[in-house]
Structure formats: C-alpha cells, structure tokens
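Next come the chains, spelled out residue by residue.
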Amino acid sequence: MKFPVHRPRRLRRTSALRGLVRETRLTAAGLIYPMFVCPGTKVRQEVGSMPGVHQQSADQIVEECREVEQLGLPGVILFGLPETKDATGASSLAADGVVQRAIHAIRKANLKLLVITDVCLCEYTDHGHCGVIENGEVVNDATLPILAEQALSHARAGADIVAPSDMMDGRVAAIRETLDQHHFENIPILSYAAKYSSGFYGPFREAAQSAPQFGDRRSYQMDSANAREALKEVAIDLDEGADMVMVKPALPYLDIIRRVRERFDVPVAAYNVSGEYAMVKAAAQKGWLDEQRVVLEILIGIQRAGAGMILTYHAKDAASWLKAC
Ligand code: PBG
C-alpha cells in the first residue's frame, strides 16, 4: 500500500466521487423528533435552554407534526407536562392526560407519522423521580405496574411505539405482559436500555419540568464509566421482549452504540439529548460554530457508530438541510 500507486485523494477530488464512495448516508428516514406537550390550547412556549424547541398544547403539536411529516421524518416522541403531579405520577395514566390527548389529536388529523411515547414517571411525580419513593428510596417493583398502565394508556390512545425511559429493572417484561393482555401485542417496545446518568439531560429537565427534587438518578440510571454493563442491560431488555434498544446520551457514548450494534442484531437507536443540542445551539448563536455543518457531522457520526435511528432535536433542521443538498 505504497505511494505513488495508492493515492486516497483520487476518490475525494469531486463531489460526485465523494458521493459515490460515501459509506454512511444520512437521511431523514432515521430521525425522530422529540416534542413536549402541555395542557391548554394555543400554547407555544420556547424552552430557554433549547432555542427552537417548544412546550406546546396538543393543537400546536398537531401543527408541528404536519411540518415534521412534510419534511419526511418518520416520527415523533412525546413527553408530557401534566396539569398535576403527585407521589405516584397518577396523571400519567389518565385517558385524558396531556400525552393521551395529543395522541388523539394527531390521530384525528390523519397524520401518518409514528407516534412514540416516552414511558416514565419523572414528569408526573411531585418529587421528580422516575419511580415511586419508599423510605427515601426509588423503589423498583412497586413502580412497574404504574409504568405498565401508563404504556397501556398510551397504546389505547393510539401510540405506535412505547419507549420506557425509567431504568427500573423488569419494566420491559411488565409492559409487554400488560400490552399483550389487552390485545396490544403488535405495539413494539423501544427500550431505553442503556441510559446513563448524565449532566447532558439538564435542558430537558427545564423543558419537561422533571428535575428530581432531592438526590439524583444514580441509583437507577447507569454509571458513565461502564460499558460491559450496558451490554448486560441490553441483553436483559431483549430477553424481556424489547423490540428495539436505545443508547442515551449519544456523543459521549459512541463506543457503547458501536458495541451494542456489533453484539445484537436488533434495531439500535441513539438519543442525541438536550444538552448535546444546547451546546451546538449556544455555540452557533455566538457565531463560534457553523451549525449546519456540525449538526450533520454529529448525526453522521452517531449513525456511523452504529445507530440506525437517532432521536434528535435537530431532526427538522437536518431534514430540511438534507432535502436541499
Ligand atoms: C425521562 C427522560 C429524560 C430524558 C428522556 N426521558 C430525562 C432524565 O432521565 O432525566 C432526557 C432527554 C434529553 O435530555 O433530551 N426519564
């Protein structure tokens, strides 16, 4: 492999050549757009730390979903900001809860896009944890039936895919069993299987008003130092019936995405989270980075690492840039 016979630059000379030999092709078809639903009508409030992302009422969600569909994006994932919070997240189960109402509205508008729902308690509990509390601790088993009921209520409202993000042990099995008992055996589970305890969720907690009111999430979300444990989490979730698995966040965990991709033959998603979005936005607003270039580079990097699907707040921008080039 010696110069002058080998000249890798030969294949980089023109845009047509570069396009021909490109190994990874980013398309809108693999991008999912996250959205925050709040009560009311005609509400559209921008999230301070996430320019371009809004907390919005169901009617506004429908309007933005039309745009999402027109851009060729396959789906959205919904997070709810409920009217009321309590110790067990009861508002997450209501047939007329915020997320359930938004799903109905999207269905009524005849939109074809996939509606994925985040299944978790943190947005609905007054303490902000992802499970119920006993003696100051987030307890696992008592949380499972609530998560399963929440997933069921999303399926009943018309969700296409449920995505548990709580990191309780056994939740995939509990959700699968409950969905199947109620004849929702065709609703897939996208499990946030390897979800790390991360500082990069900061802006999301402002957007979803879900910051824990005491302590942190280290007793249930993963330690960022661990990679082998991620493979164990994925194996367990697949064993319990997960159809697709997610690694989250994306950028500091590209090695995990790659290892999961290599070990398991199932669709792998990565969540390019709020903090990753906020960093790019802030730098772009200061003129320190070329936003379009770095966003497309980040997304291709996550895909190259092995993610077939990427959940990203940049989804709409990326889709319109990809259309233009
Ligand atoms: C809920 C949940 C979180 C995110 C997705 N689902 C927050 C958390 O675990 O604190 C984070 C998404 C993001 O930062 O964009 N459990």
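As the structure is a prediction and not an experimental result, all values here were calculated from the model.

Calculation rules
- Residues numbered from 1 in each chain as written.
- Predicted model: local features only at pLDDT ≥ 70, side-chain atom pairs only at ≥ 80, totals over all residues.
- Heavy atoms only, no water.
- Near = heavy atom within 4 Å.
- Polar contact = N/O pair within 3.5 Å; in protein donor to acceptor, adjacent residues only side chain to side chain.
- Areas by Shrake-Rupley, 256 points an atom, 1.4 Å probe, with all protein chains shown as cover.
- 1 Å grid on protein atoms, 1.4 Å probe; cavity = no way out; pocket = protein on both sides within 12 Å on 5 of 7 lines; lining within 4 Å.
- Sits in = over half its atoms within 2 Å of the grid points.
- Core = buried A, V, L, I, M, F, W, Y, C linked by side-chain atoms within 4.5 Å.
- Buried < 20%, exposed > 50% of the residue type's maximum accessible area, 1.4 Å probe, protein only.
- Points joined across faces, edges and corners; volume = space filled by probe spheres on them.
- Nonpolar A, V, L, I, M, F, W, Y, C, P; charged D, E, K, R; others polar.
- Helix = DSSP H or I, 4+ residues; strand = E, 2+ residues; numbered from the N terminus.
- Pairing = 2+ DSSP bridges.

S.K.: Explain the site of the ligand residue by residue, including any values.
M.R.: Around the ligand lies a shell of 19 residues, among which Lys 195, Arg 205, Lys 248, Ser 274 and Tyr 313 are the nearest. One of the side-chain nitrogen or oxygen atoms of Arg 217 is found 3.0 Å away from an oxygen atom of the ligand. Within the side chain of Gln 221, one N or O atom sits 2.8 Å away from an oxygen atom of the ligand. For the ligand, the protein covers 100% of the area, taking 400 Å² as the surface of the free molecule. Judged by the fraction of its atoms near the pocket grid, the ligand is located in the largest cavity.

S.K.: So, the nonpolar core: which residues are in play, and what are the values?
M.R.: Among the nonpolar cores identified, the biggest contains 84 residues, and Leu 78, Ile 106, Ile 256 and Val 260 are the most heavily contacted of them. Core analysis: the second largest hydrophobic core is formed by 27 residues, Ile 32, Phe 36, Tyr 192 and Met 246 among them.

S.K.: Give me the lowdown on empty space enclosed by the protein, citing residues and values where you can.
M.R.: Per the counting criterion, the structure on display carries 1 cavity of 30 Å³ or more. In this model, the largest cavity occupies a volume close to 140 Å³. In this structure, the largest cavity is lined by 18 residues; those nearest its centre are Cys 122, Lys 195, Tyr 201, Phe 204 and Lys 248. For the lining of the largest cavity, the class distribution of residues is 8 nonpolar, 4 polar and 6 charged.

S.K.: Can you break down the pairing of strand S3 (residues 50–56) residue by residue, with the values?
M.R.: Counting buried positions along S3 yields 6 of 7 residues, so the element is predominantly enclosed. Where strand S1 (residues 31–37) meets S3, 2 bridges bridge the pair, whose relative direction is parallel. Looking at S3, one finds that Phe 36 is bridged to Gln 55. Direction of pairing for strand S2 (residues 44–47) relative to S3: antiparallel, over a ladder of 4 bridges. Of the residues in S3, the one forming a bridge with Glu 46 is His 54. Connecting S2 to the next strand, S3, in antiparallel fashion are 2 residues.

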